[in-house]
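For reference, the chains in residue letters:
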Amino acid sequence: MYEHDVLIIGAGLAGLRAAVEAEKLGLNTAVLSKVHPVRSHSCAAQGGINAALTDRGDVWEDHAYDTVKGSDFLGDQDAIEVMAREAGDDLIELEHMGVIFSREKSGRLEARAFGGQRVPRTFFVGAITGSAMLHVLYEQAIKHDVRVYEEWFVTSLIIEEGVCHGAIAFNMHTGEMETIRAKSVIMAAGGAGRVFEPSTNALICTGDGLALAWNAGVSMMDMEMVQYHPTTLAGNGILLSEAARGEGAHLLNSEGDRFMERYAPEFMELASRDVVSRAEQTEINEGRSINGNVLLDLRHLGKTFIEERLGYLQEVAVEFRGIDLSEHPIEIRPGVHYIMGGIKTNVDGATVVPGLYAAGECANVSVHGGNRLGANSLLDTIVFGRRSATAAAEYIKSVDSAGRSEEHLDAEKARIQALLDRPKGIRWAAIRNELATSMTEGIGVYRDQASMEGADAKVDEMRAKYSQVSVENKGKVFNTDLIFTLELDYMIDVAKTITQGALMRKESRGAHSRTDMPDRDDKNWLKHTHVFKDGDGVRTETSDVTITQWQPVERVY
Ligand SMILES: Cc1cc2nc3c(=O)[nH]c(=O)nc-3n(C[C@H](O)[C@H](O)[C@H](O)COP(=O)(O)OP(=O)(O)OC[C@H]3O[C@@H](n4cnc5c(N)ncnc54)[C@H](O)[C@@H]3O)c2cc1C
């Protein structure tokens, strides 16, 4: 048995930021991750991180309003205010830790334009912002002597009398299952993009943290809000960063029109992501597409500019499509990218389960509401990673012990053994693929009652089939067959919360765009959806959105 004051599940930006803070506050801190920390999906973030810096006359209230509007007024405004107000200090602190943000010739930090924002306030490190931040935070964690359980996989949380006391995990190197007791747990296990195919997310983004918290009794809030990013490659879902449009790239249809003129005359290609994705999908549905895609055109930016500022995009274009972006436009389409919904927390990362906190993409503090602005997610991980550690430190002052019992370990060992002992049956891969493609079909850029019911029924069918999945590899060391099977279990749970959230919301708002109910309905639906686990089924509820200073208005870009 291992013991800590705080156990952080996930070593992406949210987890590592929380760890550095917890260690600074003098807590015995551990981080646990199913992959090496710098392979967390945060590493793939290219575009940047938002903050309103006063050295250029920007103010946090403007950032907050752009975020509120971007969220289609579903974000809780108290949480958005916290994030926007604290962004500047957090950004500068990252700089001081060693993140080498790109600078102007004058030496001042350079900002680029990003969607849904009236001024450039996205700070970046070339096209490797996430990677640069993650490496620095990992260094800081090591420097502060954070214990890192690297390549360990969590299979369940320890909940005793309604209080969270740690987790059961297995060490993937040995296959041994272990109890890790902790006075508090911070869930920072990332998103669930792979519940859809194709997706911009890494294969590891299977929603484990969401499912773990859901099974512990926490609400999954606004799960219908799934972000489709406007610029992904057809087939494999690879992301072409919004930085391209931020730096001036155009979107064209098959007739060569800059069609955004008709959908967002003022913001054009830099309207909110939900708006741009819907515009593209409409062009595609109405037959103005090229092979079911539209075009991202960077030609007018010139080769030198593209290679200096958007080098990674040029690499993707050359490697995956064999084209030079300074000579040819590239075919793109909307693809699943991010989950706005997640584990319901307050502004300190606390869930309803004492001792259990959540931060980062798995959490829903409600700063993104119906649609996240590009570059607000990295900010969310940093601000709320830090805040959840501060809150956990305060909480554990009143906790005497993390307990000693090993009974959970025995039960978990028996559960996993039973999975390994199953007779030869279905393979996990077939179910995972069927689940994820049906989710994209049913919960698409546009959806309706029938498509959502279809996806929901498919999730139930996949849940039933899961009982026949067998693990063929019976070995202990790096048994990825077993890990993928356990991930699939999490994915099915997450998919259920998404279809149920979607079926609840009887309007169109943000990313939830129903062709059968095309209008936003503030009178009845300025509300959060909640999906709880209830025995083998679900229970649903709604709650009010917190409005502080901005009343909902029509959203035009
Ligand atoms: C291609 C791409 C580009 C992006 N670009 C941007 C951008 O420019 N700006 C922006 O703001 N946002 C961007 N985003 C979104 C943003 O990167 C993510 O939302 C954010 O980094 C998530 O951070 P996180 O710490 O919550 O989770 P992650 O970085 O995903 O980390 C999750 C951690 O949890 C661990 N974990 C998960 N399950 C288990 C388990 N069962 N047991 C043990 N460990 C587990 C993983 O090992 C990992 O360490 C991008 C996303 C993608 C996919």
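Quick caveat: nothing in here was measured; it's all calculated off a predicted structure.

Asks: Would you mind showing me how to read empty space enclosed by the protein here?
Replies: Empty pockets left among the atoms are what a rolling probe the size of a water molecule brings to light. Applying the stated criterion to the full structure yields two cavities of 30 Å³ or more. Taken as a whole, the largest cavity spans an internal volume of roughly 60 Å³. Along the walls of the largest cavity sit Val226, Gln227, Tyr228, Asp274, Ser277, Arg278, Asn371, Val445 and Ala511, which together make up its complete lining. Among the secondary structure elements, those contributing two or more residues to the lining of the largest cavity are β11 (226-232) and α8 (273-285). Broken down by class, the residue content of the lining of the largest cavity amounts to four nonpolar, three polar and two charged. Put simply, the second largest cavity is a space of about 30 Å³. Lining the second largest cavity, in full, are Met340, Ala363, Asn364, Val365, Ser366, Val367, His368 and Asp380.

Asks: Would you mind showing me how to read the domain arrangement of the protein chain here?
Replies: How big an interface is tends to be stated in terms of the accessible area lost upon association of its parts. Its domain assignment divides the protein chain into domain 1 (231-332) and domain 2 (407-544). Placing the centre of domain 1 and that of domain 2 at their C-alpha centroids yields a distance of 31 Å. Taken together, the contact pairs six residues of domain 1 with five residues of domain 2. Summed over both sides, the interface of domain 1 with domain 2 buries roughly 430 Å², with 60% coming from carbon and sulfur. Three residues, Asp274, Arg278 and Gln281, lead the burial of domain 1 against domain 2; their summed loss comes to 77% of the area buried on that side. For the pair domain 1 and domain 2, the interface holds zero salt bridges. Viewed at the interface, domain 2 and domain 1 are joined by three residue pairs in polar contact (both at pLDDT 80 or more). Grouping the constituent residues of the side of domain 1 that touches domain 2 by class yields no nonpolar, four polar and two charged.

Asks: Help me out: how do you make sense of the sheet that holds β11 in this one?
Replies: To summarise the sheet geometry, strands pair through backbone hydrogen bonds and adopt either a parallel or an antiparallel arrangement. The four strands are arranged β11-β14-β13-β12 in an open sheet whose pairing can be described as antiparallel. Each of the sheet's edge strands pairs with one partner strand only, and the pair in question is β11 and β12 (250-252). In this sheet, neighbouring strand axes are inclined to one another by 45° on average, regardless of whether the strands run parallel or antiparallel. Bridging between β12 and strand β13 (residues 294-297) involves three bridges; their strand directions are antiparallel. Note on β13: the bridge partner recorded for His250 is Asp297.

Asks: Would you explain the sheet that holds strand β18 (residues 527-534) in this entry?
Replies: Read across the open sheet, the five strands follow the order β17-β15-β10-β18-β19; overall the sheet is mixed. Either end of the sheet is taken by a strand with one partner, and the two such strands are β17 (363-364) and β19 (537-544). Bridge count for strand β10 (residues 220-221) against β18 is two bridges, and the pairing is antiparallel. Of the residues in β18, the one forming a bridge with Met221 is His530.

Asks: Teacher, can you tell me more about the site of the ligand here?
Replies: Neighbouring the ligand are 37 residues; Ser40, His41, Ser42, Glu361 and Ser377 lie closest to it. Contact between the ligand and Ser33: an oxygen atom at 2.8 Å from a side-chain N or O atom of the residue. A distance of 3.5 Å is found between an oxygen atom of the ligand and a backbone nitrogen or oxygen belonging to Ala189. The fraction of the free accessible surface of the ligand (1,000 Å²) that becomes covered by protein chains is 98%. Looking at the shell around the ligand, the elements with two or more residues in it are α1 (13-24), β2 (29-33), β7 (152-160), β14 (330-339) and α11 (376-396). In terms of residue class, the shell around the ligand is made up of 16 nonpolar, 17 polar and four charged.

Asks: Honestly, the layout of surface pockets in this entry has me stumped. Any pointers?
Replies: The calculated volume of the second largest pocket comes to roughly 470 Å³. Every residue lining the second largest pocket is counted, 20 residues in all, and those nearest its centre are Asp72, Arg278, Ser513, Pro518 and Arg555. Examining the composition of the lining of the second largest pocket, we find that three residues originate from one element, α8, more than from any other. Along the lines of polarity and charge, the residues of the lining of the second largest pocket split into seven nonpolar, five polar and eight charged. There are two domains that each give the lining of the second largest pocket at least three residues, and those are domain 1 (231-332) and domain 2 (407-544).

Calculation rules
Residues numbered from 1 in each chain as written. Predicted model: local features only at pLDDT ≥ 70, side-chain atom pairs only at ≥ 80, totals over all residues. Heavy atoms only, no water. 1 Å grid on protein atoms, 1.4 Å probe; cavity = no way out; pocket = protein on both sides within 12 Å on 5 of 7 lines; lining within 4 Å. Points joined across faces, edges and corners; volume = space filled by probe spheres on them. Helix = DSSP H or I, 4+ residues; strand = E, 2+ residues; numbered from the N terminus. Nonpolar A, V, L, I, M, F, W, Y, C, P; charged D, E, K, R; others polar. Domains from an automatic or database assignment. Contact = heavy atoms within 4.5 Å. Buried area = accessible area lost by both parts, 1.4 Å probe. Salt bridge = Lys/Arg side-chain N within 4 Å of Asp/Glu carboxyl O. Polar contact = N/O pair within 3.5 Å; in protein donor to acceptor, adjacent residues only side chain to side chain. Pairing = 2+ DSSP bridges. Axes fitted to C-alpha atoms, helices over the stretch in contact; angles between N-to-C directions. Near = heavy atom within 4 Å. Areas by Shrake-Rupley, 256 points an atom, 1.4 Å probe, with all protein chains shown as cover.

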